[in-house]
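Coordinate inspection notes
Take a look at the letters that make up each chain.
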Amino acid sequence: MNFTGLLNYPSELLLSFTGVAVFLPISALVGIIISWKLSIQFSNSKLKSKVYGKHCLVTGASQGLGKQVAIELVKAGAHVTIIARGKKDPITRSSTLEGVVKDLAKFKLFPDQIVDYLAVDLTKYEMVLKMAKTLILKGHQPEWVICSAGSATPGFMADQLPKKALDGSFAMGDHEWMMHSNYFTAVNVVSAIMQSAKDKSDPKDQSMKISGFSESAATYLPKKIVFVGSVMSTLSMIGCSGYTGSKFAIRGFAEGLRQELLPLNVDVSMFLPGNIDTEGFATENLTKPAITAQIEGASVPESPESTAKALLAGILSKRFYITNDLLGELARTSVNGGCPRPNLLMESVAAPLLTIIFTVWSYVSDNDVRAHFKKQ
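In this text, all values refer to a predicted model and were calculated from it rather than measured experimentally. Residue numbers restart at each chain and count upward from 1, following the sequence in its written direction. The model is predicted, so local features are restricted to residues of pLDDT at least 70 and side-chain atom pairs to those at 80 or more, both for listing and for counting; the totals for chains, interfaces and linings are taken over all residues. For the side-chain quantities, the full set of heavy atoms in the structure was used; hydrogens and water were omitted.

1. Focus on the overall build of the protein
Put simply, the rule is: Here a strand is any run of E in DSSP of at least two residues, a helix any run of H or I of at least four, and the numbering for each starts at the N terminus. Under the scheme applied here, a residue whose accessible area is under 20% of the maximum for its type counts as buried, over 50% as exposed, and between as partly exposed, the area being computed with a 1.4 Å probe on protein chains only. By definition in these notes, contact holds between two residues if any of their heavy atoms fall within 4.5 Å. Here, Shrake-Rupley sampling with a 1.4 Å probe gives the accessible areas, and only protein chains in the shown set may cover a residue. His is not counted here, nor are the chain ends, while Lys and Arg score as positive and Asp and Glu score as negative. Working definition for charges: the position is that of NZ of Lys, CZ of Arg, CG of Asp or CD of Glu.
When helices and strands are tallied, the protein shows 13 helices and 7 strands. Dimensions of the protein, computed from the C-alpha atoms along their principal axes, are close to 85 × 60 × 40 Å. For the protein, buried positions account for 45% of its 376 residues. Restricting to contacts in the protein with at least 6 residues of sequence separation, those with at least 24 account for 73%. Here the protein displays about 19,300 Å² of accessible surface, and carbon together with sulfur accounts for 61% of that area. Placing the 38 positive and 32 negative side-chain charges of the protein at their respective mean positions leaves the two points 3 Å apart.

2. Examining the side chain of Arg 332
Here Arg 332 shows up in helix α12 (residues 326-334). In this view, Arg 332 contacts Leu 272, Arg 319, Tyr 321, Thr 323, Arg 341, Pro 342 and Glu 347; residues no more than four positions away in its chain are not counted.

3. A look at the pattern of salt bridges
Which entries qualify depends on this criterion: By convention in these notes, a salt bridge is any Lys or Arg side-chain nitrogen within 4 Å of a carboxyl oxygen on Asp or Glu.
Tallied over the full model, the rule gives 15 salt bridges. The shortest N-O distance in the salt bridge between Arg 85 and Asp 121 comes to 3.5 Å. One end of the pair, Arg 85, is in the loop between β2 (79-84) and α4 (96-105); the other, Asp 121, is in the loop between β3 (115-119) and α5 (125-137), with 36 residues separating them in the sequence. For Glu 255, the salt bridge goes to Arg 251, with nearest N and O atoms at 3.6 Å. With Glu 255 and Arg 251 both in helix α8 (residues 241-261) and 4 residues apart, the pair spans about one turn of that helix. You can call Arg 251 buried: its relative accessible area is 13%.

4. Digging into a nonpolar patch on the surface
This is how it is decided: Residues form patches when they are more than 30% accessible in relative terms and have no salt bridge. Like charges link within 9 Å. Nonpolar side chains (Val, Leu, Ile, Met, Phe, Trp, Tyr) link within 5 Å.
Taken together, the side chains of Val 22, Ile 26, Val 30, Ile 34 and Leu 38 define a hydrophobic patch exposed on the protein surface, amounting to about 460 Å² of accessible area. Take Ile 34: it is sitting in helix α1 (residues 10-39). By relative accessible area, Ile 34 is classed as partly exposed at 48%.

5. Description of the packing of α12 against helix α13 (residues 344-375)
Quick note on the threshold: Lines fitted to the C-alpha atoms define the axes, with helices restricted to the stretch that makes contact. Angles between their N-to-C directions range from 0 to 180 degrees. Orientation is classified from the angle alone, with under 35 degrees giving roughly parallel, over 145 giving roughly antiparallel, 65 to 115 giving roughly perpendicular, and any other angle giving oblique. Crossing handedness follows the turn of the near helix against the far one: under a right angle anticlockwise gives a left-handed crossing, and clockwise gives a right-handed one. Charged means Asp, Glu, Lys or Arg here, nonpolar means Ala, Val, Leu, Ile, Met, Phe, Trp, Tyr, Cys or Pro, and polar covers whatever is left, Gly included.
α13 packs onto α12 with a crossing angle of 110 degrees between their chain directions and a minimal axis gap of 9 Å. With respect to their mutual orientation, α12 and α13 come out roughly perpendicular. Crossing angle aside, the handedness with which α12 passes α13 is left-handed. Of the residues in α13, those in contact with Leu 327, Leu 330, Ala 331, Arg 332, Thr 333 and Ser 334 of α12 are Glu 347, Leu 354 and Phe 358. For the contact of α12 with α13, the class distribution of residues is 5 nonpolar, 2 polar and 2 charged.

6. Looking at the environment of Thr 234
The cut-off we apply is this: The term polar contact refers here to a pair of N or O atoms within 3.5 Å; inside protein, the definition further demands a hydrogen-donor-capable atom paired with an acceptor-capable atom, and it admits residues adjacent in sequence only when both atoms are side-chain atoms.
Note on placement: Thr 234 falls in the loop between β5 (224-228) and α8. Residue Thr 234 is classed as buried on the basis of its relative accessible area of 10%. In this structure the side chain of Thr 234 is engaged in a polar contact, spanning 2.6 Å, whose partner is the backbone oxygen of Val 231.

7. Regarding the nonpolar core
The cut-off we apply is this: Within this scheme, the nonpolar core is defined by two criteria: the residues are buried Ala, Val, Leu, Ile, Met, Phe, Trp, Tyr or Cys, and they are joined through side-chain atoms within 4.5 Å.
With 40 residues, the main nonpolar core has Val 189, Phe 213, Leu 221, Phe 227, Leu 261 and Met 270 as its most contacted residues. Counting residues per element, the ones that place at least two in this core are α5, β4 (144-147), α6 (174-200), α7 (215-218), β5, α8 and β6 (267-272). In contact with Leu 261, other than residues within four places in its own chain, are Met 194, Ile 225, Val 266 and Val 268. With 33 residues, the next largest nonpolar core counts Val 51, Ile 146, Val 228 and Ile 276 among its residues.

Everything listed here is a matter of coordinates, which is why it stays silent on function.
Here is the structure:
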């Protein structure tokens, strides 16, 4: 075949190649969005087929997303134990978690369905280990573990430094607290469950250890572990260095743990939600700098119910990274790292376009920051 005649039409060739170069990434991006939308379509019947009669552990479930996830699991017939620090009612002296359990119990499908709570400070490993052993003793060994505990205190780092006490010691600063609240709560839960599994294993078991577990110990591990991060696990901005630092940490932990537990058939997922309309989000806005809010834009936060359903649908779709809004999915696609991609071909083709999108975002936000402080 003779192609030399095509060289007589260089402008037509350039136009054709340009059209293909633009059309393919855009088409791929549309395909990614459609696939993502399908992956977060929630089905109670599908969830029920996976969790009915099984025990699920949800941390940070006293309010917000964690509580709503627990509700959806109870609706699907799962036995649910919620874990949170909880507070004592000043009059009755009962735990506020008792009220949460009463709310969850309204959705029980059968009389013997277990809905329980344990009041635990998840930042303290000794308490978490005791909790994990209590669950096994009660026969409530969890098959699903969803780590949803966490908090956010936006602000400039210079305003969040450790404070010096009168005795010369330093109190914990906001950055350190967010590492404890967002990262170590999840690490402590997984560590305690692993330790309990090893303690419960047959001491005579001489089978080959896989990722540190004997065959008998592995039977006490959950089938699914889910970490709740944030879109801010993939990118950061002014006023969020402490929060994103802790959320990047949990993302790295989840990626490593996914591969570590892979040969033991334990599925690990990482949820990257955007803003959620919860009590925590309202508190977060109290300290959020104006420039941070400006860069975030006037997006409407998602409801806890829609976010919980997106999370659970993503788990059932067997995605490692789960997102519930468009920015989150685009950011996830850009920083997927060494984890499985749900759409390898489309994501590869869309990569140049996503690079341009986030480069423009970085340029615009940098200019916004400069302009903001020039006004002052």
